[in-house]
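Notes for the structure review
If you want the building blocks of each chain, they are given just below.
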Amino acid sequence: MTSAAFLCLFALAILGYVWNRQAATAIRAGGARLHSLEGFHGFYALLTVLVPVLLVMLLWLVLQGQVVDSLLRSGIAGHLEGRSAGEVQLILAEIKSISRGMVFGTPEPWKIDAAERYLALTARAQTLLLVVVVVLSLVLVVLGRSKVSAEFRARHGVERIVSGLMIACSVVAIVVTLGIVASLLFETLRFFERVPVTEFLFGTNWEPQIPLREDQVAAEGAFGWIPVMLGTLVITVIALVVAVPVGLMTAIYLNEFAPRKFRAVAKPFLEILAGVPTVVYGFFAILVVAPAMRAFAASLGVDVSPNIALAAGSVMGIMLIPFISSFADDALSAVPQSLRDGALGLGATRAEMMLDVLFPAAIPGIVGGVLLAVSRAIGETMIVVMAAGLIAKMTINPLDSVTTVTVQIVTLLIGDTSFDNPKTLAAFALGMMLFVLTLMINVLALRIVRKYREAYD
Amino acid sequence: MYDTPTVERTVENNTVKFAARDVHVFYGETEAIKGVDVDILDKTVTAFIGPSGCGKSTFLRCLNRMNDTIDICRVTGTITLEGADIYDKRIDPVQLRARVGMVFQKPNPFPKSIYDNVAYGPRIHGLARNKAELDEIVEKSLRRAALWQEAKDRLHEPGTGLSGGQQQRLCIARAVATAPEVLLMDEPCSALDPIATAQVEELIDELRQDYSVVIVTHSMQQAARVSQKTAFFHLGDLVEFGETSQIFTNPRDPRTESYITGRIG
């Protein structure tokens, strides 16, 4: 039924398009000068039918369930009296599954009756929807047709509707962002009702394994995020120490010095590297890099932890290499040829040209890329879940095992969870801190980019 | 007919700076220059004129090997600078470009301060032993480029903040600061207004005292005003080369005459 309504709507909208277009063509054939092209008259009809009716249908489909539910509930009010909200929900679910033909056991007869009524209600709602859509579309088609005249500014109307649609689309991004922040914020506030903010922000002890039920035996629990953040910091710094020099050197070489053939081979490899799933990087870290580092350290007589931070960090660095090199490559390529010519024409070597002219001119792009890489390193989850440790330690030793904010969020949210417990809510607080951190870095990146751009353009 | 009577100017110097013999330039399969012979004299302004795409800029870029930066470009024949073949394997193009400066069509100041723009050449070639000497070179170059009065109070502001004409004079100052022997100018006034153009032309005439200047231009009036020698290029050939006054008053080749009188181009 719903699909029939959609089909009718589209058919009528197209009918409106053709009708208006033909009317406009007829006016022009009669010798009048149209304000708008015939196509705009057609699109005006199409959009004035499509947009409002689609909105109505959307609202209808959202509200239909609730209206039908409340009608259903009022029909069986006698049977629901004195039951809790949860029980009512269960009964409604049972009725709906009966209506779909999934009957478990022998339900009471009133439930079967209700299921039949539910089916009838739904069918009626659908028929009503079809009628409403057809009538509304027809009215709009006729209304649109009545507007066609030589002076009618159909183009302005179309432009207004399209710009309205564009505004609506861009609002979606804003609304979703606000929604994400809000959902994080509310859970975080609930967490801070149970654990003081100061303990979370300044505490140096992270042991979130508290009992979920009264009868479980577990530790007292401590929620100081500093060791976790330190872990993230250690891994991020290691990743950047690997990625920034290698990425920049790669970009400089490929952009300026590499022979065409080498570039043709190296570029696809970098793209493959950028396309490797992070899980696979995780395998690489635990199966290849970490054992190799352990073996090397053992040969030097140094005892290192099995989940060595250096392994997770350096593999994350490898993941970031194509990211940084492609940003830097774009930034270097964007420097105008005239600047290269200018430097070479003065007798600069290519190295001098690169260091003195291209690099300063490309700095905004490069810094932007590096800071985005920092954001990614902080937010990266899979590699560290696989290769970093779980125990939070107050250490900045890259040979030790550390944990990160993202790893803790994952471990807090898998397995048995209940959402009124500080252990679970702590994940949201960590997520909030992560969000704030990356937001600050992104703002900083934008500021730096803007500042240098002003100076160099 | 022209702003400055060209006939009164004479070429005072006859030392050959650049000598080109049978120069061909290929871009891939396309032959852009088809066998050019030309002698460029010291302390003389030589103008290259000709319709668009005739190869005059390409030939200019051969003189300091800027064509090396284009992968598909190939140069044959010989070009000598004071008797030494500049396409010899032992010649370092970087050294060559320090001796043969270049000013481009579009002003291309580096994203640095005015001072650093001018000081760039002297710095990379080690022309100044200390800060005072460098200051002196910068001031002298900016004075030569007639930019000192406008720039002296804002030496440490970015060069990109200057107007178009000032930027082009900054680029000339930058080229002059390297103390080249020859200055190549590729349509240096095409992006400038008439006043800035007049300033640059005046400057070119002054530079002639110390340098050999080669200028590519689309403006025949400009060629007539600033140059002593003129070369007319057409479709990759050097059609005619001689005294500017002779080219503009009494061209030998009918193609030159047609171009100068505005029939081709």
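Keep in mind it's a predicted model, so treat the numbers as computed, not measured. (Residues numbered from 1 in each chain as written. Chains lettered and ligands numbered in written order. Predicted model: local features only at pLDDT ≥ 70, side-chain atom pairs only at ≥ 80, totals over all residues. Heavy atoms only, no water.)

**Thoughts on the confidence of the model for chain B**
Looking at chain B as a whole, its pLDDT mean stands at 87, while 94% of the residues score no less than 70. Considering only residues more than four positions removed or in separate chains, one finds that residues 4-9 of chain B, a stretch of pLDDT under 50, has 11 contacts. (pLDDT = per-residue confidence, 0-100. Contact = heavy atoms within 4.5 Å.)

**Concerning helix α13 (residues 350-379) of chain A**
Its 30 residues give α13 of chain A an end-to-end C-alpha distance of only 38 Å, which falls more than 12% under 44 Å, the value for a rise of 1.5 Å per residue. Roughly 55° is the biggest bend found in α13 of chain A, and it falls at Ile363 of chain A, with proline Pro364 of chain A one to four residues downstream. (Helix = DSSP H or I, 4+ residues; strand = E, 2+ residues; numbered from the N terminus. Expected span 1.5 Å × (residues − 1). Bend = angle between axes of the 7 residues up to and from the residue.)

**Here's the deal with empty space enclosed by the protein**
Across all of its chains, the model carries two cavities of 30 Å³ or more by this definition. Taken as a whole, the second largest cavity holds about 30 Å³ of empty space. Residue lining of the second largest cavity: Gly342 and Leu346 of chain A together with Met102, Val103, Phe104, Cys171 and Arg174 of chain B, and that is the complete set. Of the residues assigned to the lining of the second largest cavity, the class counts are five nonpolar, one polar and one charged. (1 Å grid on protein atoms, 1.4 Å probe; cavity = no way out; pocket = protein on both sides within 12 Å on 5 of 7 lines; lining within 4 Å. Points joined across faces, edges and corners; volume = space filled by probe spheres on them. Nonpolar A, V, L, I, M, F, W, Y, C, P; charged D, E, K, R; others polar.)

**What about the pairing of strand β9 (residues 229-234) of chain B?**
Residue and element names in this part refer to chain B. Within β9, six of the six residues are buried, which leaves the element mostly enclosed by the surrounding structure. The side-chain alternation of β9 yields two buried faces, one formed by Lys229, Ala231 and Phe233 and the other by Thr230, Phe232 and His234. Both strand β3 (residues 45-49) and β9 contribute to a ladder of four bridges, which runs parallel. When the bridges of β9 are listed, Thr46 appears paired with Lys229. (Buried < 20%, exposed > 50% of the residue type's maximum accessible area, 1.4 Å probe, protein only. Pairing = 2+ DSSP bridges.)

**So, the side chain of Thr256 of chain B**
Considering the arrangement of structural elements, one finds Thr256 of chain B in helix α10 (residues 254-260). Other than its neighbours up to four places away in sequence, Thr256 of chain B contacts Phe232, Val239, Glu240, Ile247 and Pro251 of chain B.

**Here we look at the interface of chain A and chain B**
Each partner contributes to the interface: chain A provides 20 residues, whereas chain B provides 24 residues. Roughly 1800 Å² is buried in total at the junction of chain A and chain B, and carbon and sulfur atoms are behind 60% of that figure. Remark: the boundary between chain A and chain B carries two salt bridges. Across the salt bridge formed by Asp71 of chain B and Arg260 of chain A, the nearest N and O atoms sit 2.9 Å from each other. Remark: the boundary between chain A and chain B carries six residue pairs in polar contact (both at pLDDT 80 or more). Listed by contribution, the elements that provide at least two residues to the side of chain A that touches chain B are α12 (337-345), α13 and α16 (422-456) of chain A. The element that contributes the greatest number of residues to the side of chain A that touches chain B is α12 of chain A, accounting for seven residues. Among the residues making up the side of chain A that touches chain B, the classes are represented as 10 nonpolar, five polar and five charged. (Buried area = accessible area lost by both parts, 1.4 Å probe. Salt bridge = Lys/Arg side-chain N within 4 Å of Asp/Glu carboxyl O. Polar contact = N/O pair within 3.5 Å; in protein donor to acceptor, adjacent residues only side chain to side chain.)

**Concerning the sheet that holds strand β8 (residues 212-216) of chain B**
Residues and elements named next belong to chain B. Taken together, the six strands give an open sheet; going across it, the order is β6-β7-β8-β3-β9-β10, and neighbouring strands pair in mixed fashion. Looking along the sheet, the strands with just one partner apiece sit at the ends: β6 (100-103) and β10 (237-243). Direction aside, the axes of adjacent strands within the sheet are offset by 15° on average. In this structure, β3 lies alongside β8, joined through four bridges in parallel fashion. (Axes fitted to C-alpha atoms, helices over the stretch in contact; angles between N-to-C directions.)

**Quick notes on the sheet that holds strand β5 (residues 84-85) of chain B**
Residues and elements named next belong to chain B. If you walk across this open sheet you meet the four strands as β2-β1-β4-β5, and the pairing is antiparallel. Each edge of the open sheet carries a strand with a single partner, namely β2 (30-41) and β5. The pairing of strand β4 (residues 73-81) with β5 spans two bridges and is antiparallel. Within the sheet, the bridge partner assigned to Leu81 lies in β5 and is Ala84.

**So, the nonpolar core**
The biggest cluster of nonpolar side chains holds 86 residues, and the ones touching the most others in it are Phe18, Phe48 and Phe59 of chain B. The leading source of residues in this core is helix α11 (residues 309-334) of chain A, at 12 residues. Look past the residues within four positions of Phe18 of chain B in its chain and what remains in contact with it is Val38, Asp39, Ile40, Leu63, Ile79, Thr80, Leu81, Ile86, Val100 and Val182 of chain B. By size, the runner-up hydrophobic cluster in this structure holds 46 residues, among which are Ala47, Ile49, Val138 and Ile247 of chain B. (Core = buried A, V, L, I, M, F, W, Y, C linked by side-chain atoms within 4.5 Å.)

**A word on the environment of Arg252 of chain B**
All names here are of chain B. Of note, Arg252 is situated in the loop between α9 (244-249) and α10. Separated by 10 residues in sequence, Arg252 and Gly242 place their C-alpha atoms 9.8 Å apart. Residues within four places of Arg252 in sequence aside, it is in contact with Glu240 and Gln246.

**What about helix α10 (residues 278-299) of chain A?**
Residues and elements named next belong to chain A. Taking 1.5 Å of rise per residue, the 22 residues of α10 would be expected to cover 32 Å, and the 30 Å separating its terminal C-alpha atoms lies within 8% of that figure. Along α10, the sharpest kink reaches roughly 40°, centred on Ala285. Burial in α10 covers these residues: Tyr281, Gly282, Ala285, Val289, Ala290 and Ala297. Where α10 is buried, its residues contact α9 (260-275), α11 and α14 (382-387). Where α10 terminates, the next one or two residues include Gly301, which has phi positive at roughly 85°.

**Comments concerning the side chain of Lys56 of chain B**
Residues and elements named next belong to chain B. One can find Lys56 in helix α1 (residues 56-63). Put simply, Lys56 is tucked away with no salt bridge, and the nearest opposite charge, on Glu187, sits 4.8 Å away. From its side chain, Lys56 meets the backbone oxygen of Pro51 in a polar contact 3.5 Å long. Excluding anything up to four places from it in sequence, Lys56 contacts Phe48, Ile49, Gly50, Pro51, Val216, Thr217, His218 and Phe233. (Lys, Arg positive; Asp, Glu negative; His and termini not counted.)

**Comments concerning the domain arrangement of chain A**
Structurally, chain A comprises domain 1 (2-185) and domain 2 (206-456). The gap between the C-alpha centroids of domain 1 of chain A and domain 2 of chain A is 46 Å. (Domains from an automatic or database assignment.)

**Points about the pattern of salt bridges**
Opposite charge on two side chains permits them to pair, given that their charged atoms come into close proximity. As enumerated under the stated definition, the model contains 30 salt bridges over all chains in all. Across the salt bridge formed by Arg28 of chain A and Glu38 of chain A, the nearest N and O atoms sit 3.4 Å from each other. A residue pair is termed long-range when its members are at least 10 positions apart, and Arg28 of chain A in helix α1 (residues 2-29) and Glu38 of chain A in helix α2 (residues 38-75) qualify at 10 residues. In this structure, a network of salt bridges that share partners links the residues Lys17, Glu82, Arg99 and Glu181 of chain B.

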